[in-house]
Amino acid sequence: MHAAPAHRLDYAAVRAAAARIEGGVRPVTVAPAAEGVWYALEHLQYTGTFKARGARNFLAAHHEAGTLPAAGVTIASGGNAGLACAWAARALSVPATVFLPANAPRVKVERLRGYGAEVRLVGDRYAEALAACEEFAAQSGALSSHAYDHPLIAAGAGTLLDEIRVALPGLDTVVVAVGGGGLFAGVATAAREHGVRVVAVEPENCRALNAALAAGRVVDVPVESVAADSLGATRVSADALAAAQEKNVTSVLVPDTEITAARQALWEDHRIVVEAAAGTALAALRRAPEPLGDRVAVILCGANTDPRDLVTSETPGTPGTPGTNGA
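Here is a short report on the structure shown in this document. Everything quoted here is computed from the prediction, not taken from an experiment. (Residues numbered from 1 in each chain as written. Predicted model: local features only at pLDDT ≥ 70, side-chain atom pairs only at ≥ 80, totals over all residues. Heavy atoms only, no water.)

Between helix 11 (residues 256-270) and helix 12 (residues 276-287), the shortest axis-to-axis distance is 7 Å and the interhelical angle comes to 100°. It follows from the interaxial angle that helix 11 and helix 12 lie roughly perpendicular. Packed against helix 11, whose contacting residues are Glu 258, Ile 259, Ala 261, Ala 262, Arg 263, Ala 265 and Leu 266, the element helix 12 presents Ala 276, Gly 279, Thr 280, Leu 282, Ala 283, Arg 286 and Arg 287 at the interface. In terms of residue class, the contact of helix 11 with helix 12 is made up of eight nonpolar, two polar and four charged. (Axes fitted to C-alpha atoms, helices over the stretch in contact; angles between N-to-C directions. Helix = DSSP H or I, 4+ residues; strand = E, 2+ residues; numbered from the N terminus. Parallel < 35°, antiparallel > 145°, perpendicular 65-115°, else oblique. Contact = heavy atoms within 4.5 Å. Nonpolar A, V, L, I, M, F, W, Y, C, P; charged D, E, K, R; others polar.)

Attention now goes to the sheet that holds strand 8 (residues 197-203). The six strands lie next to each other as 1-2-10-7-8-9, forming an open sheet whose pairing is mixed. Sheet topology places strand 1 (30-34) and strand 9 (249-254) at the edges, where each strand pairs with a single neighbour. Going across the sheet, the axis of each strand differs from the next one's by a mean of 25°, ignoring polarity. By the bridge criterion, four bridges tie strand 2 (residues 37-40) to strand 10 (residues 296-299) in an arrangement that is parallel. Looking at strand 10, one finds that Val 37 is bridged to Val 296. (Pairing = 2+ DSSP bridges.)

In short, geometric facts, not functional conclusions.
Right under this line is the structure:
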């Protein structure tokens, strides 16, 4: 048996991830949005979010190293990470066992089962499902996956940056929403290699990265935001904090009202349906007092959302554009 994959996040890890997942994920589409602004449409990715990249890299790296156990992989997550893990496991013919609270929405359970995962419903809270997942991993030998806090997960997500650069030569700034920091850490690591500025955006009341920067260490934060379903991590990864402390990164906070307005604007102006996390990234651009760069890419990171709250205006008028304060 080979040695387990090295746990280190650097640009070499991102390049290795790109080689592993090539042909296994959808290359990102980059579309013009306004003068000097482009959207990276990662919400079109398999499973509806960027997390497919990290999950595929995590399992592929262990497969290459011969460290994938017969019991397969396990994760406690009914959200985007769980879906990505189940999808990646199916693609590699690996058993996946996903733990959820017993009150998890039926649609999530059915989607997971649709990817071939074994779903186990435990307790009423995520913490109970997580404890059961950890016990299962210890007893069965299954490989434990994480939603964001693992270098292989972050490196897989970071492959987005080089794809954006290929589609958009001269890229100088990338805007990305931050939750636990997997996407941000990977993107920022690759961006630093190429001199690209990163704007890391969080909701005002869901600010794990911003608080860690202020404290100089990873800290726990309360979570209360319209985007908490995707960005509601109580703490960021150590890799995310290290990436944010580099000089090419700017931390920005946005209020929920502007997140909602940005998400609505994506629908009104472009007929793009995304979750609030993607609206969070755009909100920073819309409220910026001056352009964030000459060639700016905003990552629209996911689309697993209920579109019924997106209401089309019936009043004729001029569509809003990024950089304005109108919804």
